[in-house]
Amino acid sequence: MRLKSQLPSHKAIVKNDQTSHCLPRPIPPTFERNERPPMRKTVRLTWLSLWLFATGVVSFTTISLAADLPSADAPIEQVIDQFINERLETEKVTPAPQADDLNLLRRLSLDLAGRIPTSAEAQAFAANTSPTKRVELVDRLLASPDFPLHQRNELDRLLLAHKPNDGEFRKYLLWATQQNRPWDAMFRDMLIGSEADENQKGALTFVKSRARELDDLTNDTASLFFGVNVSCAKCHDHPLAQDWKQDHFYGMTSFFSRTYLTKKNLLAEKQVGEVKFSTKKEGQKQAAFLFLTGATISEPMVERTKEQLKEFDEVVKKQTQEDNAPPPEKPSFSPREKLVEVALRAEDNRFFARNCVNRIWAQFFSRGIVDPVDQMHSANPPTHPELLDWLTRDLVAHNYDMKRLIRGIALSQTYSRSSEWTSGEQPSAAIYAVVKVKPLTPRQYALSLHMAAYNPTQWPAADQPDKWAQRREQLENTANGWSNMFEVPGEGFQVAIDEALLFTNNKRIEDEFLRDSGDRLVGYLKTLSDNSALIDAAFWSVNSRPPRDEERAALNDYLQKHSTDRLVAIRQIVWALLTSPELRVCF
Amino acid sequence: MNPGSFFCGSADHGVNRRGFLSAAALGTAGTFAADMTQLDLLRHSAWADDVKKKEKRVILLWLAGGASQFETWDPKPGRPTGGPFRAIQTASSGVQISELMPKMAARMQTTAIIRSLNTKNGDHGGGSSLMETGRRKDPGIDYPDLGALCAKELGRIDSAVPDYVSLYSSTEGRRKGTSGFLGARYAPMFLSENMVPENVRRLETISDIDHQDRAALRDLLAKRFAQNRTSDVIGSHTNAYQRVRGLMASEKLFDIEQEPEAMRAKYGPTQFGQQCLIARRLVEAGVPFVKVARAWWDSHGQNFETHRELCADLDHSMAVLLDDLKDRGLLEHTLVLTFGEFGRTPQINPSLGRDHFASAWSASLSGCGVKGGACYGKTDPDGHTVAEGEASAGDLFATILTALGIDPHKEYTLGARPVPLSDFGSKPIKEVLA
Amino acid sequence: MTTSDPTKLKMTKEFGLPTIAFCVARVPNSGRLIFGSSDFKLYEFDALAEKPQPVAFNGEGHQSYVTGVVLCAPNIAVSGSYDGKLIWWDLEKREPIRTVSAHELWIRRLAVSPDGKTIASVSDDMQCKLWNAETGEMLRQFSDHKPMTPHDFPSMLYAVTFSPDGKFVATGDKVGHVAIWETNSGAKVATVEAPTLYTWDPRQRRHSIGGIRSLAFSPDSKLLAVGGTGQIGNIDHLEASARTEIFDWQAGQRVKEIVNDKFKGLVEHHVFDPSGQWIVSSGGDNGGFVSFHNVETGKTLHQDKAPMHVHQFALNEACDTLFAVGHHKIAIFEFKAEAAKPAEAAPATSTN
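Residues numbered from 1 in each chain as written. Chains lettered and ligands numbered in written order. Predicted model: local features only at pLDDT ≥ 70, side-chain atom pairs only at ≥ 80, totals over all residues. Heavy atoms only, no water.

J.: Explain the overall build of chain A residue by residue, including any values.
T.: From N to C terminus, chain A includes 26 helices and 8 strands. The proportion of buried residues among the 587 residues of chain A is 57%. For chain A, the proportion of contacts with a sequence separation of at least 24, taken over those separated by at least 6, is 70%. Accessible area of chain A: about 24,800 Å², with a carbon and sulfur share of 51%. (Helix = DSSP H or I, 4+ residues; strand = E, 2+ residues; numbered from the N terminus. Buried < 20%, exposed > 50% of the residue type's maximum accessible area, 1.4 Å probe, protein only. Contact = heavy atoms within 4.5 Å. Areas by Shrake-Rupley, 256 points an atom, 1.4 Å probe, with all protein chains shown as cover.)

What follows is the structure, given as structure tokens:
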């Protein structure tokens, strides 16, 4: 036990100051202060650059020319490992060894395909002696029909987190991920896509589902696309992060304040409308169309008569109340369109681009280079600033190609380390010495359960990609219903007792996963009379690996002790495998 | 290890969570207790306090739809807003309550009243959310409700009973409760249509011995996997499966047939009465938080008739519950609360109803940590506004937490953001605390 | 010969009140109304005066809502209240003469026998008590009403009335049970059931609403009208149609079901016309109404909204003017046949 450092001598801070609820807690230092590595010139430069970013003094292009960054041509995985390893060296930490082949296959399948491998895939990978088999695997998975389905699910979870499952939105995301649509184009689709475009119209659900809650629309957009949670600046200027003023919150709000939903659930924008807010110092204030970088958009001055204004009101009334109102007209000035324009233009795109890198990084590593991922401000610096800079530059230079970034991450040594730590106290997650165990998302879990419980001999063969695509679609649909039974993991996720009770005593679990039928693992295992072969097959199916000696012994023992009814015994060992944490997490 | 990934940096939370993770890392059922013992040696006093705190229980009688303060805790007899019912003297000198609550009047020494809630939200959804979580909604933060907070603060990680049980049988305004950012680990076990929890009964297709054997096999596989992997997720997974058998055994807690006939007769025939009896059985078995919702008080029409019925139900059930808890020596550890999303208007509408009103209404606290017979705050003579001691939802929460021995200003950390247990700026009302 | 014509119904006067008026009695051959109020007081109000003002009765009065008032002698009024007391008042002095602790729980209504000698009171103690109007002595009490509803909540006894021949008393409770008693013996002679008037919501809101709020015998005493409201979906509101059921009570048969096609809420009070051809009912939800229905057919003869929820009304002797009291208002309705003379000059024929 390592209690000394595990018990932080924290005293609850009592604050009654009204502003203090937004004070971010100082980010816990990765190491004690006296252990902090000496700052190198490059680091200093980047920290300075961050400040310059935040204050809007220096634009992104300036930074990306920083001489100390590795070559733009270097492979992404190499750059990742270079920066991560440099930091490990400075911290004098020897990272965990690389995960074994089968562990890595499992991790890559879950992270890129959203599912566990089939036993055939696992056995083939184990038997493959090609020195480039990992690259081949990553490229195969990225090209498989699984990848867009999985990436769609990940984006859906990110963008429509607590909103109801929306078929239109998911359809759009699938279309977008299937053609690897660039992130900036997707952003445009989601904010100002055309209702008339069959492919794009579902994208607007992002705005539509929040159109009745202006604060949510403002804050979610800022957080999900720019990595900035501005809600703290609603009531007052952000007390610690000097970057965020009330002006920013209401500036962001003003881009959305004219947005509304018509009775027919079409997205519309009013011709006029201003956002006013009260400040402690200046009293009532009118919000400018102010972006996070400090850039402002000015609306062309148009004199409007009282009659015109009244007419505008009438139009909105009609649109929101009448079923047969004509499609809403586009206003002469669209604040939402302006937001997209300013957020993506070269001199102001740093938030958008960095957030994209950071979010994808967090998808794979369970934490951002800036963490929490919605706290991009000068008081919360990145753990690896140059890496973030380099990856951002690379992303922008390659047209917001997310798949390219994902490939780089998946090929890095940082990604493929073991999740086991055997040498004393585990170092901070921020230095990536060991891979962090992630809970499966509900969809990953539902898919994996179905695959684990399926008759392993009945999967389409590796040389039948069309059949697999069809099967995968079916699986995706099956997983749909089941995924609602599991919690979407959030920060500090813990498995609930409800889940354990469900798996232990619910009839649906038994009927679906422990069924004695030809298409199920149980049905297949029943046909194997040799215990050892049976145990092997069960392990490969559920855990994508052969059993360890002690595991084989335990299962064999179980089968022998319960030999009076072999089928019952088989169902129980399958149950024990399915409910083991090994199938609950990506590790 | 990086403490940044945890919600809360406070010392005692650290104890729990640390113990939990270590158990997870070692991965056996027995290790947890041993681990706690080790902590005990090192942090004796803190741990002792912790144990003491863990004896505390809460029963929230949630008056869904909004009960009238005039017909319960803050009568205004003879005033134009007062309605027809008299005020009666209670066992606490100087404190009068509505004649619709005679049994509670006789037990006022157990109970404190707060008459000065001004919660400002007279909408069922918004008001419920406010009174469940003790704060207004915030974009981007999903707050846990009182039940989840108490489950986390008072519950034992390895408890054989549920941490938070929520009963809501009527369908109107039915709300399950939410553990918000604390996650499903602290979500309520929710019972609505019938009083048998889901998935606590062994399927007939498996024998009890097989049920246990396969669980043991699962534990063995899980333990091997957990070796060398330090993870909240794995730890909680292990913990959840370890609690299964205990929770299955707790099914009988929901069965009032297990009670002697005489005891059931005391609680009476109403559903609410019976659910109060279930609540008592649960807290007696160690469940830290039970919410019994009594819906639906939303008396827009016929307020007096509605309260004649519902107050009779509340008065009787609550009085029997308090007596029973007291007889069993549980009352000093159990806090019994009554409130809902808001109170009701002073104005009496043409249907002789009262409408939604959040500007000046009442809540009650009985038992654990409460100064019995106290009456805090005052409304004006007609009950339109708070005249003295205005209290917010946050203040009520701070008071409740303090009564339970929990520091209301303790903070969780969500992302980089501190979230205190009771809202910023809230203060416990000392006048109603023992 | 009747001077009334329901189709000519119109509201002629409307007066605001600071309080809610729950019950009313009219001094014969006048517009002098005695009404009981939510401020626990009894008032006199001369509705036909030029500028009528409510004048409060003096002395030690009630301690809660005054829910019943009757006149039993030229100068005597008796009131009943949620305080469980009956108070005899001198009308001229507007002072109490006698106070009787009559019931353990809230008195909901009073009725007086046609000869003015007997007063009936009903209360949530589920008792109906008959009182000697002159001495204040209790003559007898009876109850056929269960204290608890079938769903284990306290029941309520809302309505009481005498038959025009004075032989019978009818009482009606929350769950829709009516008992008819012989005035002189207290013997129960019949019961009828109107369960539709009671809504128990077992699932959504888990309490009840409704109950029998009004009872009236036909002029020949053969029919009994039972008023209230219908089955309610959302019991937070009085959202069902106002409802009257007419029984041939001796045969134990319901002969007519009058569901108001326009107005919702409770029928708080209703009265047969002297010929027995129509019945006038009044009450409401958040608004109010006055409705006339043909007794034979059940059809609406005429109806209009009242400016308030009406709790009770009094008819004049000619039965062509209705004095309604209710939520913060008093209103006068007239429904006079074309040639009819003004109300105060109408011949004095008792309709009660």
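J.: Let's hear about the sheet that holds strand β10 (residues 118–123) of chain C: which residues, and what values?
T.: Residues and elements named next belong to chain C. The 4 strands lie next to each other as β9-β10-β11-β12, forming an open sheet whose pairing is antiparallel. Where the open sheet ends on each side, the last strands, each with one partner, are β9 (107–112) and β12 (138–142). Adjacent strand axes in the sheet meet at a mean angle of 20°, parallel and antiparallel pairs treated alike. Both β10 and strand β11 (residues 128–132) contribute to a ladder of 5 bridges, which runs antiparallel. Directly across from Val122, in β11, lies its bridge partner Cys128. (Pairing = 2+ DSSP bridges. Axes fitted to C-alpha atoms, helices over the stretch in contact; angles between N-to-C directions.)

J.: Explain the pattern of salt bridges residue by residue, including any values.
T.: Pairing is possible between side chains of opposite charge, provided their charged atoms come close. Enumeration according to the criterion identifies 91 salt bridges over all chains in this entry. With a closest N to O distance of 2.6 Å, Lys410 of chain B and Glu153 of chain B form a salt bridge. Note that Lys410 of chain B is positioned in the loop between α12 (393–403) and β15 (411–414) and Glu153 of chain B in helix α6 (residues 146–154), a separation of 257 residues in sequence. The pair formed by Lys410 of chain B and Glu153 of chain B is uniform in burial state, with each residue classed as buried. In this structure, the salt-bridge partner of Glu257 of chain C is Arg243 of chain C, at a minimum N-O distance of 2.2 Å. Residue Glu257 of chain C is located in strand β22 (residues 253–264), and its partner Arg243 of chain C is located in strand β21 (residues 241–248); the two are separated by 14 residues in the primary sequence. Arg243 of chain C gets classed as buried once you look at its relative accessible area, which sits at 8%. Members of the salt-bridge network, linked through shared partners, are Arg115, Glu121, Arg140, Asp146, Arg152, Asp156, Arg170, Arg472 and Glu476 of chain A. (Salt bridge = Lys/Arg side-chain N within 4 Å of Asp/Glu carboxyl O.)

J.: Go over the interface of chain C and chain B, please, and point to the residues and values.
T.: Across the contact, 34 residues belong to chain C and 35 residues belong to chain B. For the chain C and chain B pair, buried surface summed over both sides reaches about 3,100 Å², with 53% attributable to carbon and sulfur atoms. Joining chain C to chain B, the criterion identifies 4 salt bridges. Linking Arg203 of chain C and Glu193 of chain B is a salt bridge whose minimum nitrogen-to-oxygen distance equals 2.7 Å. Inspection of the chain C/chain B interface yields 22 residue pairs in polar contact (both at pLDDT 80 or more). (Buried area = accessible area lost by both parts, 1.4 Å probe. Polar contact = N/O pair within 3.5 Å; in protein donor to acceptor, adjacent residues only side chain to side chain.)

J.: How would you explain the pairing of strand β5 (residues 164–167) of chain B if you had to name every residue and give the values?
T.: Residues and elements named next belong to chain B. Of the two faces of β5, the one holding Tyr164 and Ser166 and the one holding Val165 and Leu167 are both buried throughout. Relative to strand β7 (residues 289–295), β5 runs parallel, the two sharing 4 bridges. In the strand pairing of β7, Leu167 is matched with Val292.

J.: Give me the nonpolar core: which residues, what numbers.
T.: Counting residues in hydrophobic clusters, the biggest one holds 125 residues, and the most contacted among them are Leu525 and Leu578 of chain A together with Leu61 and Ile97 of chain B. Element by element, the count of residues in this core is highest for helix α11 (residues 303–327) of chain B, at 10 residues. The residues contacting Leu525 of chain A, other than those within four sequence positions of it, are Leu534, Ala537, Ala538, Ile570 and Val574 of chain A. The next biggest cluster of nonpolar side chains, apart from the first, holds 101 residues, and it includes Phe147, Leu224, Val275 and Ile406 of chain A. (Core = buried A, V, L, I, M, F, W, Y, C linked by side-chain atoms within 4.5 Å.)

J.: Please set out the domain arrangement of chain A residue by residue, giving values where relevant.
T.: All names here are of chain A. Here the domain parsing of chain A yields domain 1 (55–98 + 349–433), domain 2 (145–201), domain 3 (210–346) and domain 4 (437–587). The centre of domain 1, based on its C-alpha atoms, is set 33 Å off from the matching centre of domain 3. Of the residues lining the interface, 14 residues belong to domain 1; the matching set on domain 3 comes to 16 residues. With both chains or domains summed, domain 1 and domain 3 bury close to 1,400 Å², and 51% of this area falls on carbon and sulfur atoms. Looking only at domain 1, the three residues that lose the most surface to domain 3 are Asn349, Phe351 and Phe352, adding up to 39% of its buried area. Taken together, the connections running from domain 1 to domain 3 amount to 0 salt bridges. (Domains from an automatic or database assignment.)

J.: Could you give an account of the pairing of strand β3 (residues 42–46) of chain C, naming the residues involved and the relevant values?
T.: Residue and element names in this part refer to chain C. Counting buried positions over the 5 residues of β3 gives 4, a clear majority of the element. Pairing between strand β2 (residues 32–37) and β3: 5 bridges, direction antiparallel. Of the residues in β3, the one forming a bridge with Arg32 is Asp46. Connecting β2 to the next strand, β3, in antiparallel fashion are 4 residues, including Phe40 with a positive phi near 75°. Bridging between β3 and strand β4 (residues 55–56) involves 2 bridges; their strand directions are antiparallel. Paired with Tyr43 across the bridge in β4 is Ala56.

J.: Now, about the packing of aromatic side chains: what can you tell me, with residues and values included?
T.: The full count for this structure, using the stated rule, is 51 aromatic pairs over all chains. Between Phe249 of chain A and Tyr250 of chain A, the aromatic rings sit 5.0 Å apart at their centres with planes inclined by 80°, giving edge-to-face as the arrangement. Summarising the burial analysis for this pair, Phe249 of chain A and Tyr250 of chain A share the class buried. Aromatic side chains Phe153 of chain C and Trp200 of chain C sit 5.7 Å apart centroid to centroid with 40° between the ring planes, which places their arrangement in the tilted category. One end of the pair, Phe153 of chain C, is in the loop between β12 and β13 (157–162); the other, Trp200 of chain C, is in strand β17 (residues 198–200), with 47 residues separating them in the sequence. This pair shows no difference in class: Phe153 of chain C is buried, exactly as Trp200 of chain C is. Chaining the aromatic ring pairs together yields one cluster made of Trp183, Phe187, Phe206, Phe225, Phe226, Phe291, Phe352 and Tyr400 of chain A. (Phe/Tyr/Trp six-rings, centres within 6.5 Å; stacked < 30°, edge-to-face > 60°.)

J.: Any chance you could break down empty space enclosed by the protein for me, citing the residues and the numbers?
T.: Residues and elements named next belong to chain C. As enumerated under the stated definition, the model contains 16 cavities of 30 Å³ or more in all. One number sums up the size of the largest cavity: a volume of about 240 Å³. Around the largest cavity sit 14 residues that line it, and Phe22, Tyr82, Arg108, Arg213 and Glu268 are the ones nearest its centre. (1 Å grid on protein atoms, 1.4 Å probe; cavity = no way out; pocket = protein on both sides within 12 Å on 5 of 7 lines; lining within 4 Å. Points joined across faces, edges and corners; volume = space filled by probe spheres on them.)

J.: Residues and numbers for the confidence of the model for chain B, please.
T.: Atom-level detail of predicted coordinates should not be read off regions where pLDDT is low. Predicted confidence across chain B gives a mean pLDDT of 88, with 88% of residues reaching 70 or more. Scored below 50 in pLDDT, residues 1–45 of chain B makes 92 contacts in the model with residues more than four places away or belonging to other chains. (pLDDT = per-residue confidence, 0-100.)

J.: Report on the state of the cysteines, specifying residues and quantitative values.
T.: Working definition: the covalent bond between the sulfur atoms of two cysteines is a disulfide. Tallied over the full model, the rule gives 0 disulfides over all chains. Cys150 of chain B forms no disulfide, and the closest cysteine sulfur to it belongs to Cys368 of chain B, at a distance of 10 Å. (Disulfide = S-S within 2.5 Å.)

J.: Account for helix α20 (residues 465–483) of chain A, with residues named and values stated.
T.: Residues and elements named next belong to chain A. Compared with the 27 Å implied by 1.5 Å per residue over 19 residues, the 25 Å span of α20 between its first and last C-alpha is a close match. Along α20, the residues that are buried comprise Trp468, Arg471, Arg472, Leu475, Glu476, Ala479, Trp482 and Ser483. With its buried residues spanning 155° around the axis, α20 presents them on a single face. What points out from α20, more than 90 degrees from its buried face, is the exposed set Asp466 and Gln470. Packed against the buried residues of α20 are α5 (101–113), α8 (146–159), α9 (167–178), α19 (442–452) and α22 (507–513). (Expected span 1.5 Å × (residues − 1). Arc of directions from axis to C-beta.)

J.: Describe the sheet that holds strand β27 (residues 310–315) of chain C, listing the residues and the values that go with them.
T.: Think of a sheet as strands paired side by side through backbone hydrogen bonds, with each pair either parallel or antiparallel. Residues and elements named next belong to chain C. Reading across the sheet, the 6 strands line up as β4-β3-β2-β1-β28-β27 and stay open at both edges, with antiparallel pairing between neighbours. The sheet is open, and its two borders are formed by β4 and β27, each paired with just one other strand. Two strands pair when backbone bridges link them, and strand β1 (residues 10–26) and strand β28 (residues 321–334) are joined in this way by 7 bridges, in the antiparallel orientation. The residue bridging Met11 from the neighbouring strand is Phe333, located in β28.

J.: An account of unusual backbone geometry is needed here, citing residue identities and associated values.
T.: Glycine aside, residues mostly have negative phi, and peptide bonds are mostly found in the trans state. A cis amide bond links Asp371 of chain A with the next residue in sequence, Pro372 of chain A, at an omega value of -5°. Within the secondary structure layout, Pro372 of chain A lies in the loop between α16 (350–365) and α17 (385–397). Residues Ala295 of chain B and Trp296 of chain B are joined by a peptide bond in cis, for which omega reads 20°. If you trace the backbone, Trp296 of chain B turns up in the loop between β7 and α11. The backbone of Asn29 of chain C sits at a positive phi, close to 60°, despite the residue not being glycine. Secondary-structure assignment places Asn29 of chain C in the loop between β1 and β2.

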